[in-house]
Amino acid sequence: MDAWRATKAPVRDQYLAILKLELLKVRRTWFFHFLIPALIALGLVWLRSRLAAHPIGDKRYVAGSATVAAIFSSLNAVAHDSSAAKANGELEQLASLPIARAPVVFAMVTLPIAYGVAPILILLFVGSAALGLSPHFQVIGLVALLAMQLMLAGAGLTLGLYFPQRMATSLAAAVPLFLMLFTPILLEPSQLPPVLGSVGSVLPTTLAADVLEHALFGNPGGAELLKVTAVAAVAVVALAAVVRLPGWRDLD
Amino acid sequence: MNAIAVDGLTKVYGRDVRANDAIDLTVPAGALAALLGPNGAGKTTLVRQLMGLLAPTAGRISLAGTDVIAQPSVARELCAYLPQRAVPFLEATVHECVELTARLRGIPRGAAGEMADDEIVRWGLEAHSRRRIRRLSGGERRLVGLAATLVAPRPFLVLDEPTNELDPVNRKLVWQRLAERRASGATVLVITHNVHEIEGVVTYLAVMLAGRVVAEGSPHALRERLGHQRGRLRVSVRGQSGDPPADDGLAWMPEQSAWVGSVERGRAEHIVGAALRRESVTGIRVAEPSLEDVYLHYVAARGEQTEA
């Protein structure tokens, strides 16, 4: 066996090679990651511009719509992609190679995050202009955006790997979109039943929408810093969970 | 030395579906081994456990003396695996797929590219090298999968139905390439249900039925074992083969101007006598059982057991 000396790629090379395979899929998935989230979010803003003043306020409405776009572009699209990769044998092919799980996970979330940011930025600026707002860039806003994307992509990947059937994954990924209607992303907590208002206020998506709102249209303070830290922590937990979750290979 | 040793391997899906049932199997180092069995026999489940993709319910697997269940990364480092399904990286070109596989096996970029070029030529895919896999036929995709499996040589090759969807020329190429790898020291394990293809090619054979390995050994040993009970009778006839040479319930197979059947030794006298009484019969020859006879014998024995 000595003459064969098994070789193994460094983790960085593993990540780059898998990322390349993911990049090659862009022509097949761009509409799902980019076009649909952008259209949905812009549609929300257009709808708002046609209606009377929303009780939650325009600033929050734009930040909330951006969060909706993030859920579409990260959670839903990653759940869909990973479930497809599992169904067509791509994950099994990768799992049979001498590679670690972490580079696969990170390669699978990198791309959706990269092109999920674009529709959100378009929304923030086009939406703001449509509603007569003047957003300003702050680093904490970008951090919140990335942490939220990471968290949602991690959750999407968890769903894609956990459920054996694609239909089950699609249903599970649709649930957060539905539940979002009952959280204070696009509504005031006072407009919701008391329990939902309280629980929804501490959900990471709500925290991310809070930070985005203050980072774009106000002066974020200690509370926002705390919230963005919480979102980042949830993102780390989501990715750590998906790295350990069974469903890719049983023995690791 | 045994390259692959499986001991009491059991895999139960859900509550009571025993895909593998206390399997014992040993594949000698340097063998070109076939795991033969009908659809649903549990062959794929067995190799997926060997690769660490599935966790066994019970039992042990060792690869080159290393416990795969305790150290599953060994399987991925030592084995190149071709899954049953065609290569899935549909958006990659043929070259990208093979080169990236080599890189994921730890070959540096430049060398991986050269290895990919070489492997693509060996499989006759050079005209498709820059084409996306999505645009290839099923057989061409299978060849890409084989190129990706054989790039960056590993000491073990595990291939699940590698000749599916391939034409006869490419099927022959597959066995030729696997024999080459064996000659260079690799141990090759191939899952198949096509008994005709492995005749004269494999050096070790295991027959799997209903989740169990019911026979294993060299083709010679298995033939010899069966030869004590059965012989292969070739009855030559004048002109076209016409009716079977004896109306005895045997599954006679027509060949050009002949009938071939696997005959139980105890009944041979009666069958030969019946055949000789026919005017059209011009000759009778007894040969050692084929691997097909070996396989069918175990399938029939299993059927009788189940009925009993």
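Here we summarise the structure given alongside this text. (Residues numbered from 1 in each chain as written. Chains lettered and ligands numbered in written order. Predicted model: local features only at pLDDT ≥ 70, side-chain atom pairs only at ≥ 80, totals over all residues. Heavy atoms only, no water.)

Examining a nonpolar patch on the surface
Residue and element names in this part refer to chain A. What counts here: Residues form patches when they are more than 30% accessible in relative terms and have no salt bridge. Like charges link within 9 Å. Nonpolar side chains (Val, Leu, Ile, Met, Phe, Trp, Tyr) link within 5 Å. Residue burial considers only the protein chains on display, and all accessible areas are found by Shrake-Rupley using a 1.4 Å probe. What counts as a salt bridge is simple: a side-chain nitrogen of Lys or Arg found within 4 Å of a carboxyl oxygen of Asp or Glu. Helix and strand assignments come from DSSP, with helices taken as H or I runs of at least 4 residues and strands as E runs of at least 2, each series counted from the N terminus.
Together, V175, F178, L179, L181, F182 and L196 make up a nonpolar patch on the protein surface, roughly 540 Å² of accessible area in all. It is helix α7 (residues 166-180) that contributes the most residues to the nonpolar patch, 3 residues altogether. When you line up the elements, L181 lands in the loop between α7 and α8 (194-201).

Observations concerning the pairing of strand β1 (residues 2-13) of chain B
Residues and elements named next belong to chain B. Worth spelling out the cut-off: Here the rule is simple: two strands pair whenever DSSP picks up at least two bridges between them.
Note that β1 and strand β2 (residues 17-28) share 8 bridges and pair antiparallel. The residue of β2 that forms the bridge with N2 is P28. The antiparallel pairing of β1 with β2 creates a hairpin that spans 3 residues between the two strands, and G14 there sits at a positive phi of about 60°.

What to know about the interface of chain A and chain B
Selection criterion: We call two residues in contact when some of their heavy atoms are within 4.5 Å. Defined here as a combined quantity, buried area equals the accessible surface (1.4 Å probe) lost by two parts on assembly, summed across both. N or O atoms closer than or at 3.5 Å make up a polar contact, with two conditions inside protein: a donor-capable atom paired with an acceptor-capable one, and, for residues adjacent in sequence, both atoms drawn from side chains. When residue character is reported, Ala, Val, Leu, Ile, Met, Phe, Trp, Tyr, Cys and Pro are called nonpolar, Asp, Glu, Lys and Arg charged, and the others, Gly included, polar.
Taken together, the contacts link 32 residues of chain A with 40 residues of chain B. Both faces considered, chain A and chain B share a buried interface measuring about 3,500 Å² in area, 65% of it formed by carbon and sulfur atoms. At the junction of chain A and chain B, the tally comes to 3 salt bridges. E77 of chain B is the salt-bridge partner of K8 of chain A, the closest N and O atoms lying 3.6 Å from each other. For the pair chain A and chain B, the number of links is 3 residue pairs in polar contact (both at pLDDT 80 or more). Sorting the residues of the side of chain A that touches chain B by element identifies α1 (11-23), α2 (26-50), α3 (58-87) and α4 (90-95) of chain A as the ones contributing at least two each. Each residue belonging to the side of chain A that touches chain B can be placed in one class, and the counts come to 15 nonpolar, 6 polar and 11 charged.

Points about the side chain of T10 of chain B
All names here are of chain B. On the secondary structure map, T10 appears in strand β1. Looking at T10, its side chain comes within polar contact range of the main-chain nitrogen of A22, at 3.0 Å. In this structure, T10 is in contact with R18, N20, D21, A22, Q49, P56, T57 and A58, ignoring residues within four places of it in sequence.

Quick look at the packing of aromatic side chains
All names here are of chain A. The condition is simple: In this analysis, rings of Phe, Tyr and Trp, with Trp reduced to its six-membered ring, are considered paired at centre separations within 6.5 Å, and the interplanar angle assigns stacked below 30 degrees, edge-to-face beyond 60, and tilted for intermediate values. Burial classes follow relative accessibility: with a 1.4 Å probe on protein chains only, a residue under 20% of its type's maximum area counts as buried, one over 50% as exposed, and anything between as partly exposed.
If you walk through the whole model with that rule in mind, you get 2 aromatic pairs over all chains. Ring centres of Y162 and F163 lie 5.2 Å apart, and the angle between their planes is 85°; this geometry places the pair in the edge-to-face category. Taking relative accessible area as the criterion, F163 reaches 24% and is therefore assigned partly exposed. Ring centres of F178 and F182 lie 5.3 Å apart, and the angle between their planes is 70°; this geometry places the pair in the edge-to-face category.

Brief notes about the pattern of salt bridges
Per the counting criterion, the structure on display carries 26 salt bridges over all chains. For E22 of chain A, the salt bridge goes to K25 of chain A, with nearest N and O atoms at 3.0 Å. Classification of E22 of chain A as buried rests on a relative accessible area of 6%. In this structure, E213 of chain A and R60 of chain A form a salt bridge, with 3.2 Å as the shortest nitrogen-oxygen distance. Here E213 of chain A is found in helix α9 (residues 204-217), whereas its partner R60 of chain A is found in helix α3, with 153 residues between them in sequence. Neither E213 of chain A nor R60 of chain A differs from the other in exposure class; each is buried. The network of salt bridges with common partners includes D118, E119, R122, R177, E180 and R181 of chain B.

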